[in-house]
Amino acid sequence: MSKQYDHQEIERRWQHLWREANIYQAKEEKDKPKAYVLDMFPYPSGEGLHVGHPKGYIATDVFSRMKRMQGHSVLHPMGWDAFGLPAENYAIKNKVHPRVAVEKNVARFKEQLEGIGFDYDWSREINTTDPEFYRWTQWIFLKLFERGLAYESHEPINWCPSCQTGLSNEDLDDGKCERCGSEVEQRPMRQWVLKITDYADRLLEDLSLLPKWQEHIKESQKNWIGRSEGAEIDFPILDGEEKVTVFTTRPDTLFGTTYMVLAPEHPLVQVLGRRIKNTAEVSAYLDKTRKKTEMERQENKEKTGCVLEGVFVVNPANEQALPVYIADYVLAHYGTGAIMAVPAHDERDYAFAQKFNLPIIPVIEPILTQTVEPGAYRADMPLQDGNSIIVAIKHWSDEKYLGLKWKKVAWGTLLTGSIDSGMTAEETLSKEIREETGFTHFNIVEDLGSVHSKFFHVPKQVNKFAHSRVFVVQLKDGTQEPVSAEEEAKHELHWLTLDEMQEFLTAASHRYLLSVLKGERLYVGAGLLARSGAFTGIDSEEAKRAITEKVAGRMAKTYRLKDWVFSRQRYWGEPIPVVHCPTCGVVPVPEEQLPVVLPEVEHYEPTGTGESPLAAIESWVNTVCPHCGVAAKRETNTMPQWAGSSWYYLRYADPKNMNDLVGRSSEAYWMGKQGVDLYVGGAEHATRHLIYARFWHKFLFDIGVVTTPEPFERLISVGLIMAEDGRKMSKRFGNVINPDDIVATYGADTLRVYEMFMGPFTDAIAWNTDNMIGSRRFLERVWRLQERLGTVNHESVERELHRTIKKVGGDILEFKFNTAISQMMIFLNLAEKEGIDNEQYARFVQLLAPFAPHMAAEIWHKLGNAKSVHVSEWPTCDEKKLVASVVTLGVQVDGKVRATIELAPDAPEAVARERAVSAVAKWLEGKEVARFLYVPSRIVSFVLKR
RNA sequence: GCCGGAGUGGCGUAAUGGUAGCCGCGCACGACUCAAAAUCGUGUCUCGUAAGGGGUGAGGGUUCAAGUCCCUCCUCCGGCACCA
């Protein structure tokens, strides 16, 4: 009789044995395929782990354990990301040195992780704050500097007044400091910046090399990089030497430019100083915008601005002089900080033009495509061009328009008609109104230009590209002549208000006209050019390049992504390895002098002066120039938290190498052709860590350190575990569940199985201790099965076991752990019912081993195996054994399942039909079968004649 | 506003276009027990006594057959957003 399942004893013992036997050590075995399985290494905070943290680690653990059993050489390492603000702020608050705090927190994290039974190779443990590690972080910086990719800048940057340091754009959350929530200020200061924008195109385009990344992560990165393609166009200043360059994505609308706007910070505003006549007004506006924070500018979208009196620019397309405004809806740090305003085709310019009473000149005639039936445009059919008119006929006294309801097709339209050759639009209009409506007294009150529409003309059965002149006509009175019978048969007439029209009109082009009738003169889509000189009539897409060339502009790209502000005015980070020499300027520290070790200090609180606390340590700051030998000062800024994590995964491949960041052969072995095989972590890193790491990796690729274009072949983000109350787990809410308590009470194996069984891995799901007990019960039943092992190998059990082998193996690869466990439960249910022999049990325990490694090790051992289950060979599935001798399938009559029958999986159709007919005889009685379908092992279906 | 993802029992969820609700939780009843817990068994979408009907966010469509494919719309989650 086996003992009761004592998880504490079993787990403690096996964790000890694993450590002793060193079974998880990663080895470069050339004859085996490698599997580099990586977790995003944790930031060891003072709070310790909660049950949400290990979820991703458990998943990689399950994955790596299976890979090992399947004969892979596995690298599954762990380490600590321990530089940066959180650790430093924690240290300041608790009045301990950051180094001491980090040591303590790491010890605590490691103890917690060890209790969960992970297969980490601790001999490869790394820590970003270890000088032997960060010498290479500094080395990468030197290489970046050498290539001109690290530079000093004095531009205004985000400054957090509470953390007292500059921050990168990536460190902001909604315009606030991501760490402490303080409103950030723009502050000019000396800083180090990395030229990530040089890599923007590759970072964007190489996303296509990552088919195994989740779509939403790639989308986030695309949005973050925010490339937009357009043109730069120069506008000379009237009677001046200067010119203003604008960036626009719509050079095709150049002829519609009616004014220009400069960002208030645009340098030209100062340059033009003397020529501006309304100086007082302008400086008042500049003052006002300067006081607004970035947040206020974003929140308050009401347009403000101020004209620069006496300053005009010349539109290079048509030589027209245009007024120049400054307005804060134009941002200094995007594009060129200046825009050509085309109010007819840009929402913001439109709003500004309305407010400041500026002209609106439409130069794009919309092309509208009918997408819904009836009359949806058929992309596969030839298009027939035609000229026509569309007329909105206004009632002589009511605020109503005439709608035509078509009789042969479900269309609601305004009055339309083709323009026959030799006729003008106006003549056609008169003719059509008389013929189709009978009204005789009317005036044309407005000419709304043209629209172009692609649709399928149902009555005529042709795919049309209609070019329509659009008019508004008002009837003088209701005088009406009779309409011909032929016309009468086509449609009926309805007087409708604009709101009723909204419901009534079915044609896309007519619905668009409704907004025009309501006074909206804004169109932002594509179309054909109008009022554009030689370009009139061509397609807007085509016109972009043509117009840009004509005015000697340049096709250009702009990015939302900014260069990476890389210096922090704080103590706890990697010192930036350069020296400031009075004669040589900025001199990099020679490689052989690395690492530049962070000195011990008494006071490491931030100074707030834009200098880091390092500046106060004279013995450290004062040095000699490596170049000329005169007295010089060290750089006192440190690197941001994200530095170490941008390359750490490479160090695991060769953590003890004293000569290189990573040795060539180790890099080649572990990174292989596609990099890290599997990378798992939080989705919150989509736009920071994962962009930075890809950037550094590409740089290291360029200088020959790594051989893969991308670092991570497959990326999966963990779904959060919420607290039982559905909120985020947080000390603040007092709803944190500590894994130590779960491990002590229910066992690490239960925690592991439950976290994998909760639901789909990438979904956010609330913790539920009741549900977890189901996982504990499952393990207890597996445990008790030891006592009930028989000698008979049942066919049904064997078949289910093979199914389970297949399902578990496949599901682990696809990260569908919940269904893998579900299948093991199904197998267990059957095994308990039918009975199971030793050998079947052993194979089942192997499948369980990645999920519940301690219990599996114990049972495997008790079954008499000397070698650990975790280095045993993964069971194989025999496809032939998956097939059952009979299958149950449903019998449908007219789509409804009326009975089920049992059949051999390969039963011939005649047999199936005979069996099915008798099963559903009741439903077939007196009916004739129109169609019979039989899909073996799936369905039998009768379709009755009616 | 643009882009991405998702809506299924009381709950977490499952379903290569082929018997919707597998597996688990909870609940009900039963067995064991003096009793309870634990364990085991049976049941558990919904209306209906039943036969049968309805049912996967809403409405349409394709199909012999739709949770799954297509169209329109609603709701929720995530990214970007005065980005020219």
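These numbers come from a predicted model, not from an experiment.

Rules used in this analysis
Residues numbered from 1 in each chain as written. Chains lettered and ligands numbered in written order. Predicted model: local features only at pLDDT ≥ 70, side-chain atom pairs only at ≥ 80, totals over all residues. Heavy atoms only, no water. Helix = DSSP H or I, 4+ residues; strand = E, 2+ residues; numbered from the N terminus. Buried < 20%, exposed > 50% of the residue type's maximum accessible area, 1.4 Å probe, protein only. Contact = heavy atoms within 4.5 Å. Core = buried A, V, L, I, M, F, W, Y, C linked by side-chain atoms within 4.5 Å. Near = heavy atom within 4 Å. Polar contact = N/O pair within 3.5 Å; in protein donor to acceptor, adjacent residues only side chain to side chain. Nonpolar A, V, L, I, M, F, W, Y, C, P; charged D, E, K, R; others polar. Salt bridge = Lys/Arg side-chain N within 4 Å of Asp/Glu carboxyl O. Pairing = 2+ DSSP bridges. Axes fitted to C-alpha atoms, helices over the stretch in contact; angles between N-to-C directions. Expected span 1.5 Å × (residues − 1). Arc of directions from axis to C-beta. Parallel < 35°, antiparallel > 145°, perpendicular 65-115°, else oblique. Phe/Tyr/Trp six-rings, centres within 6.5 Å; stacked < 30°, edge-to-face > 60°. pLDDT = per-residue confidence, 0-100.

J.: Sorry, what's going on with the overall build of chain A here?
T.: In terms of regular secondary structure, chain A is built from 30 helices and 41 strands. Along the first, second and third principal axes, the C-alpha atoms of chain A reach 105 × 105 × 50 Å. Per-residue burial for chain A yields a buried fraction of 54% across its 946 residues. Long-range pairs, those at least 24 residues apart, make up 75% of the contacts in chain A between residues at least 6 apart in sequence.

J.: Where do I start with the nonpolar core in this structure?
T.: The tendency in soluble globular proteins is for nonpolar side chains to be buried as a group. Core analysis: the biggest nonpolar cluster contains 170 residues, and Tyr649, Trp696, Trp767, Phe778 and Phe851 have the highest contact counts within it. Ranked by size, the runner-up nonpolar core spans 65 residues in total, among them Tyr285, Val311, Ile326 and Leu514.

J.: Would you take a moment to explain the protein's contact with RNA strand B for this structure?
T.: In the neighbourhood of RNA strand B, 55 residues make up the surrounding shell, with Thr249, Lys303, Arg348, Arg560 and Arg938 lying closest. Near-protein atoms of RNA strand B (within 4 Å) split between backbone and bases, with sugar and phosphate holding 63%. Contacts to RNA strand B include Asn223, whose side-chain N or O atom sits 3.1 Å from a base nitrogen. Met758 is positioned such that a nitrogen or oxygen atom in its backbone is 2.5 Å from a sugar or linking oxygen of RNA strand B. Of the residues in the surface near RNA strand B, the class split is 20 nonpolar, 18 polar and 17 charged.

J.: Which parts of the structure should I look at to understand the pattern of salt bridges?
T.: Two side chains carrying opposite charge are able to pair once their charged atoms lie near each other. By the definition in use, this model includes 60 salt bridges. For Asp171, the salt bridge is made with Arg688, and the minimal N-O distance between the two is 3.4 Å. Of this pair, Asp171 sits in the loop between strand 7 (165-167) and strand 8 (172-173) while Arg688 sits in the loop between strand 34 (678-682) and helix 21 (689-702), and the two are 517 residues apart along the sequence. The exposure class assigned to Asp171 is buried, which follows from its relative accessible area of 8%. One salt bridge connects Glu780 with Arg776, and the closest N-O pair in it is separated by 2.7 Å. In this pair, Glu780 and Arg776 both sit in helix 24 (residues 769-784), 4 residues apart, roughly one turn of the helix. With a relative accessible area of 13%, Arg776 lands in the buried category.

J.: Sorry if this is basic, but what is going on with the sheet that holds strand 10 (residues 185-188) here?
T.: By way of backbone hydrogen bonds, the strands of a sheet pair with one another, either parallel or antiparallel. With respect to topology, 3 strands assemble into an open sheet ordered 7-6-10, the strand pairing being antiparallel. For this open sheet the edge positions go to strand 7 and strand 10, each flanked by a neighbour on one side alone. Each neighbouring strand pair of the sheet contributes to a mean axis angle of 55°, computed without reference to strand direction. Relative to strand 7, strand 6 (residues 156-160) is paired through 3 bridges, and the arrangement is antiparallel. Each residue of the ladder has a partner; that of Cys160, found in strand 7, is Thr165.

J.: Would you mind going over helix 28 (residues 853-862) with me for this structure?
T.: For an α-helix, the turn length of 3.6 residues means that residues three or four places apart are oriented alike. Burial runs high along helix 28: 8 of the 10 residues are buried. If you check which residues of helix 28 are buried, you get Pro853, His854, Met855, Ala856, Ala857, Glu858, Ile859 and Trp860. Along its buried surface, helix 28 packs onto helix 1 (7-21), helix 2 (54-69), helix 23 (748-757), helix 24 and helix 27 (838-848). The positive-phi residue at the C-terminal boundary of helix 28 is Gly864, with phi of around 100°.

J.: Help me understand the pairing of strand 39 (residues 896-903), please; the structure alone is not making it clear to me.
T.: The two faces of the sheet receive side chains in turn, since in a regular strand these alternate between them. The sheet contact formed by strand 38 (residues 887-893) and strand 39 spans 7 bridges and is antiparallel. Looking at the pairing, Gln892 lines up with Val897 of strand 39.

J.: I tried to follow the environment of Ser822 on my own but got confused; where do I start?
T.: The topology assignment puts Ser822 in helix 26 (residues 817-834). Judged by relative accessible area, Ser822 falls into the partly exposed class, the value being 29%. Each C-alpha atom, one on Ser822 and one on Gly704, is 47 Å from the other, the two residues being 118 residues apart in sequence.

J.: Explanation requested: the sheet that holds strand 17 (residues 321-326) in the structure shown.
T.: The strand order 16-17-15-18 describes an open sheet built from 4 strands, whose pairing is mixed. In this open sheet, the two strands that pair with only one neighbour each are strand 16 (306-314) and strand 18 (338-341). The average angle at which neighbouring strand axes cross in this sheet is 30°, direction not considered.

J.: So what exactly am I meant to see when it comes to helix 12 (residues 425-437) here?
T.: With 13 residues, helix 12 extends 17 Å between its outermost C-alpha atoms, agreeing within 8% with the 18 Å of an ideal straight helix rising 1.5 Å per residue. Those residues of helix 12 that fall on the buried side of the exposure criterion are Ala425, Thr428, Leu429, Glu432, Ile433, Glu436 and Thr437. Down the axis of helix 12, the buried set is contained in an arc of 130°. They therefore lie on one face. Residue Gly438 follows helix 12 closely and has a positive phi angle near 85°.

J.: I keep staring at the packing of helix 23 against helix 28 and nothing clicks. Help me out?
T.: When two helices pack together, their arrangement is captured by the angle between the axes and the distance separating the axes. Two elements in contact, helix 23 and helix 28, have axes whose closest approach is 7 Å; the angle formed by their N-to-C orientations is 120°. Overall, the two elements helix 23 and helix 28 adopt an arrangement that is oblique. The residues of helix 28 that touch helix 23, namely those facing Ala748, Asp749 and Arg752, are Pro853, His854 and Met855. Of the residues assigned to the contact of helix 23 with helix 28, the class counts are 3 nonpolar, 1 polar and 2 charged.

J.: How should the packing of helix 23 against helix 26 be read in this particular structure?
T.: In contact at an axis separation of 7 Å, helix 23 and helix 26 are set at 115° when each is read in the N-to-C sense. What the angle tells us is that helix 23 and helix 26 run roughly perpendicular. Contacts between helix 23 and helix 26 involve Val753, Met756 and Phe757 on the former and, on the latter, Phe817, Asn818, Ile821, Ser822 and Met825. Its residues placed into classes, the contact of helix 23 with helix 26 shows 6 nonpolar, 2 polar and no charged.

J.: Any chance you could explain the packing of aromatic side chains here in plain terms?
T.: The way to describe two aromatic rings as a pair is by their centre distance and the angle between their planes. Across all of its chains, the model carries 50 aromatic pairs by this definition. An angle of 80° between the planes, with centres 5.5 Å apart, marks the rings of Phe141 and Trp192 as edge-to-face. Here Phe141 is found in helix 5 (residues 131-146), whereas its partner Trp192 is found in strand 11 (residues 191-194), with 51 residues between them in sequence. Seen from their ring centres, Phe932 and Phe942 are 5.1 Å apart, and the 50° between their planes marks the pair as tilted. Separated by 10 residues along the polypeptide, Phe932 in strand 40 (residues 929-935) and Phe942 in strand 41 (residues 939-944) bring together distant segments of the chain.

J.: Would you mind going over the side chain of His467 with me for this structure?
T.: Looking at where His467 falls in the secondary structure, it is placed in strand 25 (residues 462-475). Among the polar contacts listed, one links the side chain of His467 to the side chain of Asp385, at a separation of 2.7 Å.

J.: Looking at this structure, I do not really get the confidence of the model for chain A. What am I missing?
T.: Detailed reading of the predicted coordinates is not advisable wherever pLDDT is low. Across chain A, pLDDT averages 91, with 98% of residues at or above 70. Confidence, read as mean pLDDT per element, is least for helix 10 (residues 294-299) in chain A (59) and greatest for helix 19 (residues 648-651) (98). For this predicted complex, the interface score ipTM comes out at 0.95, alongside a pTM of 0.91.

J.: Before we go on, may I ask you to explain unusual backbone geometry in this structure?
T.: Excluding glycine, most residues fall at negative phi; most peptide bonds, likewise, are trans. The omega torsion of the bond from Leu594 to Pro595 falls at -5°, within 30 degrees of zero and hence cis. Positive phi, normally seen in glycine, also occurs at Arg531, with a value near 50°. Its location among the elements puts Arg531 in the loop between strand 27 (527-529) and helix 16 (540-550).

J.: Honestly, the environment of Ala466 in this entry has me stumped. Any pointers?
T.: Residue position: Ala466 is located in strand 25. Sequence spacing of Ala466 and Asn387 is 79 residues, and the spatial spacing of their C-alpha atoms is 5.8 Å. Not counting chain neighbours up to four residues away, the residues in contact with Ala466 comprise Gly386, Ser388, Val451, His452, Ser453 and Phe455.

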